[in-house]
Structures are given as structure tokens and as C-alpha cells.
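For reference, the chains in residue letters:
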Amino acid sequence: QLQLVESGGGLVQPGESLRLSCAVSGFRLSIYDIGWFRQAPGKGREGVACITRAGHSTDFADSVKGRFAISRDDTENTAFLQMNSLKPEDTAVYYCAAVPRLFSQCTLSRDEYNDWGQGTQVTVSS
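All values reported here derive from a predicted model rather than from experimental measurement. Residue numbers here run from 1 along each chain, matching the order of that chain's written sequence. With the structure being a predicted model, the display of local features is reserved for residues of pLDDT at least 70 and the display and counting of side-chain atom pairs for 80 or more, all residues being used for whole-chain, interface and lining totals. Just so you know, side-chain values use all the structure's heavy atoms and leave hydrogens and water out.

> I would appreciate a short explanation of the state of the cysteines in the present structure.
Note on terminology: a disulfide is the covalent bond linking the sulfur atoms of two cysteines. Any two cysteine sulfur atoms lying within 2.5 Å of each other are counted as a disulfide. Inspection of every chain in the model, using the stated rule, returns 2 disulfides. Covalently, Cys22 is tied to Cys96 through a disulfide, its sulfur atoms 2.1 Å apart. Disulfide Cys22 to Cys96: torsion about the S-S bond roughly 70 degrees, handedness right-handed. Residue Cys22 is located in strand β3 (residues 18–25), and its partner Cys96 is located in strand β9 (residues 92–99); the two are separated by 74 residues in the primary sequence. Cys96 matches Cys22 in its accessibility class, with the two residues each being buried. Linked covalently through their sulfurs, Cys50 and Cys106 form a disulfide whose S-S length is 2.1 Å. In this structure the cystine formed by Cys50 and Cys106 twists about its S-S bond by roughly 70 degrees; its chirality is therefore right-handed. Of the two residues, Cys50 is situated in strand β5 (residues 46–51) and Cys106 in the loop between β9 and β10 (115–116); the sequence distance between them amounts to 56 residues. Taken as a pair, Cys50 and Cys106 share a single burial class, namely buried. Each bonded cysteine of the protein gets a number by its place in the sequence, and the pairs then read 1-3, 2-4. In DSSP terms, a helix is any run of H or I states spanning at least four residues, a strand is any run of E spanning at least two, and both are numbered starting from the N terminus. The rule is simple: take the accessible area with a 1.4 Å probe, protein chains only, and divide by the maximum for that residue type; under 20% is buried, over 50% is exposed, in between is partly exposed.

In C-alpha cells:
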């Protein structure tokens, strides 16, 4: 069974950076697209970034373009979300998710993902 574990969340000030990790076990990460999602209090879960298997393609929500980067290290079975220039509105629980897809583009649609981590809290506040 595929398991995903997020780490790297925390409390930072506006303008600072965080790097989230998503450690995958149970199957080889290389066959999965990876998505990062977030859910703020009282809001739905929204797609933030995604990356296809082998990292050929990525996509980002408009709200994070130019600030966030997604990457993967299949040798370590780990995916990453680098978050720069953080804003208070980035405060949320961040989740990684995986799906074995064979499309040229990844998706930010939460309904497409089968397996999820438990989430890690990111708080941006002065």
C-alpha cells in the first residue's frame, strides 16, 4: 500500500521560505504523478502544484506561480515543494498526493488523486 508522509511545515514570517518534503513508501515514486494541495481553515482543498512522473511537466496555481517550485527525487522516493516569499494567505495544512497517470500534463484536480498524506501545517505570520 502506498504511504505518503509530509514534513517541513512550521511557523515563518512573511517573505521567508519553507521546503516541504513528501516521503513515499510502499511503491516506487517513479510511476506516480505528485500533487501538492492545501486547505486553509473554512476553505476547500485546493491544488497548489503538481509534477508528472519523471518530472517532464509541472503546473502551479496562479496564486503561487513564481514563488513555489516542485521537484522530485525518485532515487530517494521523495517529492518536494519549495515555497519562497511566503504570504499570510499561504497559511494552510499542506498535503501531498499521488496518482499513477500516463498523461503528458499533471493535474491540480484533487479528484484525480488516489493516495494522500496526513498533511503538515504551514503558518505565515508576523
